[in-house]
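These are the residues of each chain, in order.
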Amino acid sequence: MHLKAINRLKTILIEDYRLSCELTHLDGEIENNFKIQTTHGDKFILKVYGSERNNQFLDFQEKILLYLSDNHKNLVVPKIIKTTNGHLSTFFKDEKGDKRNIMLISWIPGRVWKHVNPHSKKLRYQLGLTCGTLSKALNNFDHKFAHRFFDWDIAQGLWTKEYLNLFKSREKKMILGMLDAFERIQPKYKKLKKSVVHNDANDFNCLVSEDVLNPEVVALIDFGDAIYTQVINDVAISCCYAIMDFEDPLEACLSILKGYHQAFPLEEDALACLYFCIGIRLIISVTKSRINKLKEPKNAYLQISDKSSWKLLKKWSTLDSQFAHFNFRKACGLNPHPAYNAFSNWASSRTVSLKSFFPSLQKEKVYNLDLSVSSSWLGQSSEFNDLDWFENEINKIQKKNPEKIISGGYLEPRSLYTDSSYEKIGNYGTESRCIHLGIDFWIPANTPIHTFLDGEVVVSFNDSGYKKYGGLVVLKHCEDGIFFFTLYGHLSYSTILKLKVGDQLKKGDQIGFIGNSTENGEWSPHLHFQIMLSLLNYNNDFPGVAYYNQIKTWKSICPDPNLLFKLNKLNLQNHNKASQILKSRQKYLGKGMSLQYKEPLHIVRGSGVYLIDQNGRKYLDTVNNVAHVGHENSRVVIAGQRQMGMLNTNSRYLHKNITDLAEKLKETLPPELSVFHFVNSGSEANELALRMVKAVTGSSQMLVSEVGYHGNTNGCIEISSYKFDGKGGKGAQKHIHVFPMPDCFRGKYRGADAAIEYANEVRVLINNIKNKGNKLGGFIIEPILSCGGQVELPEGFLKSIYPQVRKAGGLCISDEVQTGFGRVGKAFWGFELHGVIPDIITLGKPMGNGHPVAAVVCSKQVANKFANGMEFFNTFGGNPVSCAIAKEVIEVVLDKQLQYNALNVGEYLKSELKKLANKNPIMGSIRGQGLFLGIELVSKNKDPLAEHASYLVNRMKKNGVLMSIDGPDKNVIKIKPPIIFSKQNSRQLIITLSKILKEDFMQIY
Ligand SMILES: Cc1ncc(COP(=O)(O)O)c(C=O)c1O
């Protein structure tokens, strides 16, 4: 708009509204909208309607706003500000001489939806709720202008058919498919409930509160597209815009629908049309964009959502419309499948005998086999993925239970499918298709299967490939007017050769035979039996497992087969729910034992770099440096199992394992560190190291780092500033001397001389000890301070201190509990990074890959003085099982070159993190070595951002990546995964991190 026109508007605002103000132009398709700020600071919106907007339109706008503000005072809607003469609007002539109507409305504070990130489930629900509330309010409102032709009205969307020639043939086909389907549903669609609705809840028309942590939807604005139409169209539009950027748009729109339905209940028939309404709105959008591009190629506003609309339309048209419909029903609290109740009523009046299913077996009882992710029967993945192992174990159960059929598995979350081929990227990271939808019967190959109902063969197919169905048959049945399907997977090849689609089978007829592992997808022989109330759009396949977040929908499409068998034993096992465990924990465990995350996790299985929860959700674990060579590393597990089955006793007998372990460790250490004492934990190791210090030096005066942590025993707490200076701590005791944490990023000294300055601080403490007439006992520090927040010691710091400590008669201890065993990449042990050799090192955490085993390694001189006659006895330390495990851990590290992996992957990850930090200054420092890294979150002034760290870690968890926080200010994200972590794992971490870093809360600091 020209400056002249803007000045004219200013005059009108003064003359007609007595407002002297500044105008800021806001985007709009037809209207010119201005933000008005008066000299008194009041804000308004000035709408300057397009010249094509006639008086009827203006009257409609006035009436709708008045109606809402007069009759629905609880709704937040813009209010009309009258002119000083009491008019609802006024007008002016623009630079072209065209009459433009003007309306001044109240300002509603907030951000537009487009500028909000993330669009959480809660926010989407509120969007639906707000749209629904508005439609409900408008339900008794009407206006002649609401009954106009309007090209954005979904009900009138078939006009787009005339513009198909604007699209390429592939696009045309997709659009035509949707338009044809929409035409087909017209008889039902035309009868749906209608009302005047907002009709344009796009991402610029929804206002959200400014609160970035707990944003709330405030209001819908701009009634320019309001129209009398099917109410479901309004839902479709709000869904369209709000789901555009989601990986899984169907999941994303369910909360919007739920909110809408809550406010203004939708009819069942409307839900059956929603999928197509969304499709049509997207088609209108892309068609309008094409037309506009031809007319006004330079108008960017008109193309604003074109790219996103296409992306969504392409995704949307690949969805199964029926499946979408069932999900919509679920969101509205209905049975997802409309025939579910009819089927379960019919099934409840029948009982199918297993003898009629498998007549040759003559068995009626079942043995329920738990194959869920939390089943300990399954053992580890290397076992259950081994066909021979699996078959052998099944045979063992069968031998013990000859009269029973081994079966089960309906709705079980299974590890068997947590393999990456069963994964997809959903709205919250990776999802695994692992919920089993049928019942498995583990019966011998070649067992004949008979149909217990009349049925028609609709699928007879060889679904070949690893872990597929192999021979697959689906029968269609109609019983008492109810249609449904039964699926038989893992059959023999001969079965599908014989059965043809269209064959009619009579109750009792033989369907075929159980396949063997060469023809059934490489499984141990079994029948996968499933019931389906719809085939959806599958032809030669049907999912036998589903994603956990769709379980309710699938449960309704594929009812429990046990509705027919009625076998008590087949009912779902009562797996412990997270909420029950939480309650017991609160009741029985010490309050000091904390849980991680706002919503604690219930982890039941580990596998490599992943932790898996009770529902089969896989989390990428960047926290567990204990599971050093990977969670449940099979070599380590087997080493432990074998020795456990043979002997486990104390170290007072001769046993090779303890000396083998010592020799293995010795290979990794400098000659000076040659004597081993085995214990059970890092704390115990440090406790023993303290005893050694006292025995050797006769002194308990210790030099310790600020924020250092060395364990949970009395002695360890005394030397852990992290604890005695932290919550509940009582400060340092007299014999403990704390030097500043040698942190060059935010610590006391940060410049080039930091190492010397920090070393000087230690020297001063040594002198103080001396001056008070005391003797120094020892100096303890980690090579990289973990609890301090992955703080790397400045170069030369240890090299300068060690001689001073020794000169003062003290011993140097390196706490390698976190940093040892190759984690730091460049070296096997952390102290080696600093070119020093300690007198004592303490080992723990990764040493047993989760098994409690730890050690103190010291020089001969220290060991000899410590052996002063008092026996060192440890019931469990150095037992044959622990030693077998620890030796295997070292061997895995060496065989698999995992120190090199830590270096290689660690450097890659660190450089990727640095790239991310360049774009996100909140990541103030990226530091660490190998796979022992840290990200420090700080403000522009280097103030610590603990809340941001907590937000980030919780959001990462929601998106499938586990991270932890540390540092004195709780603002450092620690990365210390199993050292088998790969570059691909690093990429998943980086992608997820960059997604969360874009969220509003992470942008404001
Ligand atoms: C550096 C360091 N030393 C010692 C310990 C104590 O080890 P544990 O918990 O096995 O007793 C820990 C534990 O986190 C640690 O981080």
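Residues numbered from 1 in each chain as written. Predicted model: local features only at pLDDT ≥ 70, side-chain atom pairs only at ≥ 80, totals over all residues. Heavy atoms only, no water.

What to know about the overall build of the protein
Helix and strand content of the protein: 31 helices and 41 strands. Dimensions of the protein, computed from C-alpha atoms along their principal axes, come out at roughly 105 × 90 × 50 Å. Relative to its 1005 residues, the protein shows a buried fraction of 58%. By element, 50% of the accessible surface of the protein is carried by carbon and sulfur atoms, the whole surface being about 43100 Å². Here the protein contributes 125 positive and 100 negative side-chain charges, whose respective centroids are spaced 2 Å apart. (Helix = DSSP H or I, 4+ residues; strand = E, 2+ residues; numbered from the N terminus. Buried < 20%, exposed > 50% of the residue type's maximum accessible area, 1.4 Å probe, protein only. Areas by Shrake-Rupley, 256 points an atom, 1.4 Å probe, with all protein chains shown as cover. Lys, Arg positive; Asp, Glu negative; His and termini not counted. Charge placed at Lys NZ, Arg CZ, Asp CG, Glu CD.)

Describing the packing of aromatic side chains
Given two aromatic rings, one states the distance between the centres and the angle between the planes to describe the pair. Here the structure, examined in full by the defined rule, presents 42 aromatic pairs. Relative to Y163, the ring of W159 has its centre 5.6 Å away and its plane inclined at 80 degrees; by these criteria the two rings are edge-to-face. On the basis of relative accessibility, which here comes to 14%, the residue W159 falls in the buried class. Judged by centre distance (5.6 Å) and plane angle (45 degrees), the rings of F357 and F565 are tilted. (Phe/Tyr/Trp six-rings, centres within 6.5 Å; stacked < 30°, edge-to-face > 60°.)

Let's talk about the sheet that holds strand 29 (residues 702-705)
Taking strand neighbours across the sheet as the criterion, the seven strands line up as 28-36-35-34-31-29-30 in an open arrangement whose pairing is mixed. Looking at the sheet topology across the chains shown, the edges are occupied by strand 28 (675-679) and strand 30 (736-739). Taken over all neighbouring pairs, the strand axes of this sheet differ in orientation by 20 degrees on average, direction set aside. Relative to strand 34 (residues 811-815), strand 31 (residues 778-781) runs parallel, the two sharing four bridges. Within strand 34, the residue paired with G778 across the bridge is L811. Strands strand 28 and strand 35 (840-843) of the sheet are contacted by helix 20 (residues 656-667), whose axis makes an angle of about 120 degrees with strand 28. (Pairing = 2+ DSSP bridges. Axes fitted to C-alpha atoms, helices over the stretch in contact; angles between N-to-C directions. Contact = heavy atoms within 4.5 Å.)

Observations concerning the side chain of T622
Within the fold, T622 resides in the loop between strand 27 (618-621) and helix 19 (634-644). The class of T622 is buried, set by a relative accessible area of 0%. Of the polar contacts made by the side chain of T622, one reaches the backbone oxygen of L962; its length is 2.6 Å. Excluding residues within four positions of it along the chain, T622 makes contact with V961, L962, M963, K974, I975, K976, P977, F981 and L989. (Polar contact = N/O pair within 3.5 Å; in protein donor to acceptor, adjacent residues only side chain to side chain.)

Observations regarding the site of the ligand
In the vicinity of the ligand, the contacting residues are S681, G682, S683, N686, Y709, H710, G711, E782, D815, V817, Q818 and K845. The side chain of Q818 places a nitrogen or oxygen atom 2.7 Å from an oxygen atom of the ligand. Between the ligand and K845, the relevant distance is 2.8 Å, taken from an oxygen atom to a side-chain nitrogen or oxygen of the residue. Relative to its unbound accessible area of 380 Å², the ligand is 85% covered by the protein chains. Of the residues forming the shell around the ligand, the biggest block, three residues, is contributed by helix 21 (residues 682-697). Its residues assigned to classes, the shell around the ligand shows two nonpolar, seven polar and three charged. (Near = heavy atom within 4 Å. Nonpolar A, V, L, I, M, F, W, Y, C, P; charged D, E, K, R; others polar.)

So, the nonpolar core
Grouped together as the largest cluster of nonpolar side chains are 152 residues, with contacts concentrated most on W316, F328, F357, F441, Y488 and L527. The biggest single contributor to this core is helix 8 (residues 268-295), with 14 residues. Residue contacts for L527: discarding those within four places in its chain leaves F357, F358, I439, D440, F441, I449, Y488, G489, L491 and I514. (Core = buried A, V, L, I, M, F, W, Y, C linked by side-chain atoms within 4.5 Å.)

Some thoughts on the pattern of salt bridges
Once their charged atoms are close, side chains differing in charge can pair, the charge on each being opposite to the other. Under the definition given, this model contains 35 salt bridges. Here D151 and K288 are joined by a salt bridge, their closest N and O atoms 2.6 Å apart. Linking D151 in the loop between helix 3 (121-138) and helix 4 (169-184) with K288 in helix 8, this pair joins segments that are 137 residues apart in sequence. Between R290 and E171 there is a salt bridge, with its nearest N and O atoms 3.5 Å apart. A residue pair is termed long-range when its members are at least 10 positions apart, and R290 in helix 8 and E171 in helix 4 qualify at 119 residues. Accessibility expressed as a relative area gives 23% for R290, which makes it partly exposed. A network of salt bridges, in which partner residues are shared, links K664, E667, K887 and E891. (Salt bridge = Lys/Arg side-chain N within 4 Å of Asp/Glu carboxyl O.)

Digging into a nonpolar patch on the surface
A grouping of Y588, L589 and M593 is seen on the molecular surface, where their side chains present a nonpolar patch of about 330 Å² in accessible area. In this structure, L589 sits in the loop between helix 18 (578-588) and strand 25 (603-607). (Patch = residues over 30% accessible without salt bridge, like charges linked within 9 Å, V, L, I, M, F, W, Y side chains within 5 Å.)

Some details on the sheet that holds strand 18 (residues 455-463)
In a beta sheet, neighbouring strands are held together by backbone hydrogen bonds and run either parallel or antiparallel to one another. In space, the eight strands of this open sheet follow the order 12-13-16-23-20-19-18-21, with mixed pairing throughout. The open sheet has two edge strands, strand 12 (365-368) and strand 21 (504-505), and neither has a second partner. Pairing between strand 12 and strand 13 (residues 404-408): four bridges, direction parallel. If you follow V366 over to strand 13, its bridge partner there is I405. Contacting strand 19 (470-479), strand 20 (482-491) and strand 23 (527-532), helix 11 (residues 340-348) runs over the sheet at an angle of about 75 degrees to strand 20. Where helix 14 (residues 387-400) meets the sheet, its contacts fall on strand 12, strand 13 and strand 16 (439-442), and the angle it forms with strand 13 comes to roughly 130 degrees.

Side note on the pairing of strand 36 (residues 854-858)
Judged by how many residues are buried, strand 36 sits mostly within the fold: five of five residues are covered. Here strand 28 runs beside strand 36; their pairing, made up of five bridges, is antiparallel. In the sheet register, F676 faces strand 36, and the bridge partner there is V857. Pairing analysis gives four bridges linking strand 35 to strand 36, with the strands arranged antiparallel.

With respect to the packing of helix 4 against helix 9 (residues 306-318)
One way to put it is that helix 4 packs onto helix 9 with a least axis distance of 11 Å and a crossing angle of 65 degrees. In this structure, the crossing between helix 4 and helix 9 has a hand that is left-handed. Of helix 9, the residues touching helix 4 (which contributes E171, M174, I175 and M178) are W310, L313, K314, W316 and S317. Split into classes, the residues belonging to the contact of helix 4 with helix 9 amount to six nonpolar, one polar and two charged. (Left-handed = near helix turned anticlockwise from the far one by under 90°.)

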